[in-house]
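If you want the building blocks of each chain, they are given just below.
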Amino acid sequence: MTVGSSPRIFGIPVWVIPPLLLVMLIVIIGFNGLYGQDSFEYLRYSRALHAFLTEGKSPGTFFWPVLYPLSGAILSFILPDILVLQLISITCYGFTSFFLWKTLDRLFPQDQKVTVTFLLLFFSLSPFILRYSLTVMSEPMALLFISAFFYYWLVFIETLDQKYFLGLVFCGCAAINTRYPAFLIILIPFIYALYLFNGKFRLLFFLCSILIAGIVFYPAFRLHSFATGSILGREDFSTWSLGNYFKRSFITADGENTYRVPNILYVFKNFVYPGYIFTGIVLLAFFQRKLLDRMFFRIIFIVILVYALFLAGLPFQNDRVLLLTFPLVLLLFSGPFVTVAGKISVLSLPHSFRRGGLIIIVILIQLPFFYLAFKPFYRNNKITRSEEHTSELQSLRHL
């Protein structure tokens, strides 16, 4: 495997294989990706947008960004809408792996086998990543654009090649227009990129970046989604408070919720919780301060910290919102994993045995965690579909 070449298994790029396996899984178990009110709302609005595109009917109001349901509405001219939305999530899951690999390949060009193994085991097999990649939710699309943004940002700050600035502008705007909290994630690196861009200002690229941003945001303004949405959906900044840092019980419009730990601990859950990464504590133990000497790692560390401190002030805990910085957490953990892999390599065991043994062990650990994470979603989906089937039968009897 040469540096920069796409890693393959049986001639297939490794980042293509997990999505294909997920497609096989949904066919075998009959899971259509609908879970909870939010997924049904995405489906409803996607259908409304499809009607808007075909008949000009107003799609009505929507609380969240429009890019995910709009993509579903356009592609539903080809395939059934529910299937399309689910396939978008699965496809984005695969492309997120691709951009994370491209990023790590640039950061650790001599350790490609190690970083590919790391991504397969701890991103592609992450229980929460797998779970949400199977659902009709916008998180996988947001993860794709966030991961792509940081790849283009890394290349731009290292080369100052302005075509990569256009890439990060597109991906940053698309991320925001998929999940509003992405604004907080891309803000700091974008300001730094803009500072570097200004140092080598070229009018043509500046105008192109404005045009790209306008094109990406045009559907949102055209459909007036910003008039009804806030950065976190139905929540707004008025609910934010420093006092929420140390609370674990909150009373909101949705009722009273009590959580296991205070917010200030919860917001770092994606570093250590098995639903995200079960080896987090081990990798933290091998984290070296010198990693932050590199601008890329220093900025993503600051982004994760700022985002976490913001979330800690909100009166709720939501794994979907916390999921958005998980790719950045993995990028931070890549350095410690390379260190650990180096220590394992000195063991007097065949290389294939060391690598194969690690992969088998991690898979055997990850799959039960995925089962536990996915089981409530699958059960809820089955109950909902059963109720819909019963309702349809009752409607037929009344005809």
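The shown structure was predicted, so the numbers you read here are calculated from the model rather than taken from an experiment.

Basis of the calculations
Per-chain numbering applies: the sequence of each chain, read as written, is numbered from 1 onward. The predicted nature of this model means local features are confined to residues of pLDDT at least 70 and side-chain atom pairs, given and counted, to a pLDDT of 80 or more, with totals for whole chains, interfaces and linings taken over all residues. Excluding hydrogens and water, the side-chain values take into account all heavy atoms of the structure. Only centres within 6.5 Å qualify two rings of Phe, Tyr or Trp (six-membered ring in Trp) as a pair; their planes then separate them into stacked at under 30 degrees, edge-to-face at over 60, and tilted for everything else. Secondary structure is summarised from DSSP: a helix means a run of H or I of at least four residues, a strand means a run of E of at least two, and numbering begins at the N terminus for each. Residue exposure (1.4 Å probe, protein chains only): buried if accessible area is under 20% of the type maximum, exposed if over 50%, otherwise partly exposed. Any Lys NZ or Arg CZ that is within 6 Å of a ring centre and within 35 degrees of that ring's normal is treated as a charge sitting over the ring. Strand pairing is assigned whenever DSSP detects at least two bridges linking the two strands. To define a nonpolar core, start from buried Ala, Val, Leu, Ile, Met, Phe, Trp, Tyr and Cys residues and group those joined through side-chain atoms within 4.5 Å. Residues count as neighbours in contact if any of their non-hydrogen atoms are within 4.5 Å of one another. As a rule, the C-alpha atoms of each element are fitted with a line to give its axis, helices using only the stretch in contact, and angles between N-to-C directions run from 0 to 180 degrees. Just so you know how the angles are binned, under 35 degrees is roughly parallel, over 145 roughly antiparallel, 65 to 115 roughly perpendicular, and the rest oblique. It is the rotation of the near helix from the far one that decides the hand of a crossing: anticlockwise by less than a right angle makes it left-handed, clockwise makes it right-handed. Patch rule: a residue counts if its relative accessible area is over 30% and it has no salt bridge; like charges are joined within 9 Å, and nonpolar side chains (Val, Leu, Ile, Met, Phe, Trp, Tyr) within 5 Å. Surface exposure here means Shrake-Rupley accessible area, sampled with a 1.4 Å probe, where a residue is shielded only by the protein chains that are shown. Salt bridges are defined as contacts in which a side-chain nitrogen from Lys or Arg sits within 4 Å of a carboxyl oxygen from Asp or Glu. Along the chain, pLDDT gives the predictor's confidence residue by residue, from 0 to 100. Multiplying 1.5 Å by the helix residue count minus one yields the expected span of that helix. By construction, the arc corresponds to the directions joining the helix axis to the C-beta atoms. Three residue categories are used. Nonpolar comprises Ala, Val, Leu, Ile, Met, Phe, Trp, Tyr, Cys and Pro, charged comprises Asp, Glu, Lys and Arg, and polar comprises the others, including Gly. Here a polar contact means two N or O atoms within 3.5 Å. Within protein one must be a hydrogen donor candidate and the other an acceptor candidate, and residues neighboring in sequence count only if both atoms are side-chain atoms.

Caption draft 1: Focus on the packing of aromatic side chains. If you walk through the whole model with that rule in mind, you get 46 aromatic pairs. Taking 4.9 Å as the distance between ring centres and 40° as the angle between the ring planes, the aromatic pair formed by phenylalanine 118 and phenylalanine 337 counts as tilted. A residue pair is termed long-range when its members are at least 10 positions apart, and phenylalanine 118 in helix H5 (residues 112-124) and phenylalanine 337 in helix H16 (residues 326-345) qualify at 219 residues. For phenylalanine 118, a relative accessible area of 1% gives the class buried. Residue classification places phenylalanine 337 among the buried positions, given a relative accessible area of 9%. When the ring centre of phenylalanine 128 is taken as origin, the NZ or CZ atom of arginine 131, which lies over that ring, is 4.3 Å away.

Caption draft 2: Just the pairing of strand S3 (residues 249-252), in detail. Pairing between S3 and strand S4 (residues 255-258): four bridges, direction antiparallel. Paired with isoleucine 251 across the strands is glutamate 256, a residue of S4. In textbook terms, the turn of a hairpin is the stretch between consecutive antiparallel strands, and for S3 and S4 this stretch comprises two residues.

Caption draft 3: Highlighting the nonpolar core. Counting 124 residues, the largest nonpolar core has Phe150, Phe296 and Phe297 as its most contacted members. Of the residues forming this core, the biggest block, 15 residues, is contributed by helix H7 (residues 139-159). Setting aside anything within four residues of it in sequence, one finds phenylalanine 297 in contact with Leu107, Phe108, Leu291, Leu292, Leu331, Leu332 and Ser334.

Caption draft 4: The packing of H7 against helix H8 (residues 162-176), seen in detail. Where H7 contacts H8, the axes come no closer than 8 Å and their chain directions differ by 155°. Considering their axes alone, H7 and H8 lie roughly antiparallel with respect to each other. For the element pair H7 and H8, the recorded crossing hand is left-handed. Within the contact between the two elements, H7 uses Phe145, Ile146, Ala148, Phe149, Tyr152, Trp153, Val155, Phe156 and Thr159 and H8 uses Gln162, Tyr164, Phe165, Gly167, Leu168, Phe170, Cys171, Gly172, Ala174 and Ala175.

Caption draft 5: Representation of a nonpolar patch on the surface. On the surface, Leu53, Ile74, Leu75, Phe77, Ile78, Leu79 and Leu83 cluster together into a nonpolar patch covering about 640 Å² of accessible area. Examined against the element boundaries, isoleucine 78 turns out to sit in the loop between helix H3 (67-75) and helix H4 (81-107). Residue class for isoleucine 78 comes out exposed when judged on its relative accessible area of 67%.

Caption draft 6: Structural context of the confidence of the model for the protein chain. Of the residues in the protein chain, 89% reach a pLDDT of 70 or more, and the chain-wide mean stands at 89. Predicted confidence in the protein chain is weakest over strand S1 (residues 8-9), with a mean pLDDT of 78, and strongest over H7, with 98. Per-residue pLDDT stays below 50 along residues 226-233; that stretch engages in 28 contacts with residues further than four places along the chain or on separate chains.

Caption draft 7: Summary view of helix H1 (residues 17-29). In a regular helix each residue adds 1.5 Å, so 13 residues correspond to 18 Å; H1 covers 18 Å between its end C-alpha atoms and thus fits that length. Along H1, the positions that sit buried rather than exposed are Pro18, Pro19, Leu22 and Ile26. All buried residues of H1 project into a common sector of 100° when viewed along the axis, lining one side. Turned more than 90 degrees away from the buried face of H1 sit Val27 and Ile28, all of them exposed. Among the structural elements, H4, H5 and helix H6 (127-133) are those in contact with the buried residues of H1. Positive backbone phi, at 70°, marks glycine 30, one or two positions downstream of H1.

Caption draft 8: Looking closely at the pattern of salt bridges. Using the criterion set out here, one finds 11 salt bridges in the structure. Beyond isolated ion pairs, a larger network of salt bridges with shared partners links Asp38, Glu139, Arg179 and Arg320.

Caption draft 9: The arrangement of the packing of H7 against helix H14 (residues 295-312) in detail. Remark: H7 packs on H14, axes separated minimally by 11 Å, with the N-to-C direction vectors making an angle of 140°. Classified by the angle between their axes, H7 and H14 sit oblique to one another. Two packed elements cross with a definite hand, and for H7 against H14 that hand is right-handed. On H14, the residues that touch Phe150, Trp153, Leu154 and Ile157 of H7 are Met295, Phe296, Ile299 and Ile300. Each residue belonging to the contact of H7 with H14 can be placed in one class, and the counts come to eight nonpolar, no polar and no charged.

Caption draft 10: Local environment of H7. Spanning 21 residues, H7 covers 30 Å between terminal C-alpha atoms, matching the ideal 30 Å at 1.5 Å per step. Of the residues trailing H7, leucine 160 is marked for its positive phi of about 60°.

Caption draft 11: Highlighting the side chain of asparagine 263. Among the structural elements, asparagine 263 can be located in helix H11 (residues 263-266). Residue classification places asparagine 263 among the buried positions, given a relative accessible area of 0%. Here the side chain of asparagine 263 touches glutamine 317 through a polar contact of 2.9 Å, side chain to side chain.

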